[in-house]
Amino acid sequence: MELRLKHHINEIITLTDDELNEIFTFFSKKKYKKHQYIVQEGDLKAYEHFILKGIVKSSYTDNEGKEHIMQLAAENWWFSDTNAFNNGTVTTMNIDCLENTETLFISYENKEALCEKFRKMEYFFRKKYTTGNIALHKRVLSLLSNDAAERYSQFLNQYPLIHQRVPKALVAAYLGVSRETLSRLSPKI
């Protein structure tokens, strides 16, 4: 399974097998069952995860109890409660498994030590954060300016494999539409 992370890293930087083997020592591996929480709001410690297998949902529950889906992530994706991970604050996100899931995860301290030892990894993580921030920016702009049909079409084009693996009710929530609206859009697109 570490091969998946090796290929993922090698898309951005080049490392020797010895370097990669040492890099893997900074990570831990864990398996989670479907519907199991990886992160729950109020957790005191956050980790950054790389998905080897499975799919997860990151969400935030507002003061009225409404769940807002921030991210759906599958194999080769990174996820975390970013604020809690980087600032050492209590988590505000809930991240749970939509399938049996396996991740490699790293603590903030280990990530700092890893980047100190391997400057190429610092570059790798900067590129990944930049890509993630651009995707989030596009998503927010889409939610603000596109109608439901345009958002759904973008979702299908951008994430065809996730669409097939996630219940339609969650896709609707991710897009900010009702399940009924999504059902009306499905045959048109």
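What you see is a predicted model; the values in this text were computed from it and never measured.

About the criteria used
- Every chain's residues receive numbers from 1 upward, in the order its sequence appears when written.
- Local features in a predicted model are, by the rule used here, given only for residues with pLDDT of at least 70; side-chain atom pairs are given and counted only at 80 or more, and totals for whole chains, interfaces and linings are based on all residues.
- Calculation of side-chain values draws on the structure's entire complement of heavy atoms; hydrogens and water are dropped beforehand.
- Put simply, DSSP H or I for four residues or longer makes a helix, DSSP E for two residues or longer makes a strand, and each gets a number counted from the N terminus.
- As defined in this context, the radius of gyration uses C-alpha atoms, and a globule is described by 2.2 Å times the residue total to the power 0.38.
- Note on classification: 1.4 Å probe, protein chains only; a residue is buried when its accessible area is under 20% of the maximum for its type, exposed when over 50%, partly exposed between these limits.
- Here a residue-residue contact requires only that any non-hydrogen atoms of the pair lie within 4.5 Å.
- His is not counted here, nor are the chain ends, while Lys and Arg score as positive and Asp and Glu score as negative.
- By convention, the point assigned to a charge is CZ for Arg, NZ for Lys, CD for Glu and CG for Asp.
- How sure the predictor is of each residue is captured by pLDDT, a score from 0 to 100.
- The pairing criterion is simple: DSSP has to find at least two bridges between the two strands.
- For helices, the fitted axis covers only the stretch in contact; all axes are lines through C-alpha atoms, and the angles between them, taken along N-to-C directions, range from 0 to 180 degrees.

(A) Structural view of the overall build of the protein. In terms of regular secondary structure, the protein is built from nine helices and eight strands. Computed over the C-alpha atoms, the radius of gyration of the protein is 17 Å, within 12% of the 16 Å expected from 2.2 N^0.38 for a compact globule of 189 residues. Taken over the C-alpha atoms alone, the protein extends approximately 55 × 35 × 30 Å along its principal axes. When each of the 189 residues of the protein is scored for burial, the buried share is 41%. In the protein, once contacts between residues fewer than 6 apart in sequence are set aside, the share between residues at least 24 apart is 70%. Counting 26 positive and 24 negative side-chain charges, the protein places the centres of these two groups 6 Å from one another.

(B) Representation of the confidence of the model for the protein within the structure. When pLDDT is averaged along the protein, the result is 92, and 98% of the positions lie at 70 or above. Averaged pLDDT values for the elements of the protein fall to 86 in helix α7 (residues 160–165) and rise to 98 in strand β8 (residues 101–106).

(C) Expanded view of unusual backbone geometry. A positive phi angle is found at His-35, which is not glycine, with a value near 75°. On the secondary structure map, His-35 appears in the loop between β1 (28–32) and β2 (37–39). Positive phi values are uncommon outside glycine, yet Asn-76 reaches one of about 75°. Here Asn-76 is to be found in the loop between β5 (67–73) and β6 (78–79).

(D) Structural detail: the sheet that holds β8. The strand order β1-β8-β3-β6 describes an open sheet built from four strands, whose pairing is antiparallel. The two strands at the open ends of the sheet, each matched to only one other strand, are β1 and β6. Bridge count for strand β3 (residues 48–53) against β8 is five bridges, and the pairing is antiparallel. Bridged to Phe-50 within β8 is Leu-104. Strands in contact with helix α1 (residues 2–10) are β1, β3, β6 and β8; relative to β3, the strand with the most contacts, it is inclined by about 115°.

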